[in-house]
Amino acid sequence: KAGSRDITIPNKGADFDLDGLQKETLTLKKSHPDVFRLELNPEENVDLEKIVQVMDKLRTTGSNDVKITFTDVETGKPLETNLVFPDIVFGNVNGG
């Protein structure tokens, strides 16, 4: 996809580094504040619970005090939100 890039965050011991993931995601979001869709490609051996934890970290800034500013396409006015990537799709799942 145009403008897409992969992000890989090393584990923190045996667990995912969810805080590191959220930090990297916020950096990415600041570069693309008007993008709300993210493609997630979990490996087959990742438990559903872990995938949900990752999705929860990717959806918001994690704080109502941390806001992302973007331009509303209809009004042209700046808006603030704590949403980062609320629209998460799985890129490696076949429909059927």
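Criteria and thresholds
Residues numbered from 1 in each chain as written. Predicted model: local features only at pLDDT ≥ 70, side-chain atom pairs only at ≥ 80, totals over all residues. Heavy atoms only, no water. Helix = DSSP H or I, 4+ residues; strand = E, 2+ residues; numbered from the N terminus. Expected span 1.5 Å × (residues − 1). Contact = heavy atoms within 4.5 Å. Polar contact = N/O pair within 3.5 Å; in protein donor to acceptor, adjacent residues only side chain to side chain. Phe/Tyr/Trp six-rings, centres within 6.5 Å; stacked < 30°, edge-to-face > 60°. Lys NZ or Arg CZ within 6 Å of the ring centre and 35° of its normal.

Asker: Any details on helix H2 (residues 48–59)? Residues and values, ideally.
Answerer: With 12 residues, H2 extends 16 Å between its outermost C-alpha atoms, agreeing within 8% with the 16 Å of an ideal straight helix rising 1.5 Å per residue. The secondary structure elements touched by the buried residues of H2 are helix H1 (18–31), strand S1 (37–40) and strand S4 (87–90).

Asker: Talk me through the side chain of Thr81; I want residue IDs and the actual numbers.
Answerer: Within the secondary structure, Thr81 sits in strand S3 (residues 78–81). Among the polar contacts made by the side chain of Thr81, one reaches the main-chain amide nitrogen of Leu83 at a distance of 3.0 Å. When near neighbours in sequence (up to four residues on either side) are disregarded, Thr81 contacts Phe36, Val66, Lys67, Ile68 and Phe70.

Asker: Which residues make up the packing of aromatic side chains, and what are the values?
Answerer: For any pair of aromatic rings, geometry is given as the distance between the ring centres together with the angle between the planes. In total, this model carries 1 aromatic pair according to the counting rule given. With centroids separated by 5.1 Å and ring planes inclined at 75°, the aromatic side chains of Phe36 and Phe70 adopt a geometry described as edge-to-face. Residue Phe36 is found in the loop between H1 and S1, and its partner Phe70 is found in strand S2 (residues 68–71); the two are separated by 34 residues along the sequence. The ring centre of Phe85 lies 5.0 Å from the NZ or CZ of Lys29, which sits over that ring. Across the ring face of Phe16, the terminal group of Lys50 is positioned such that the distance to the ring centre comes to 5.8 Å.

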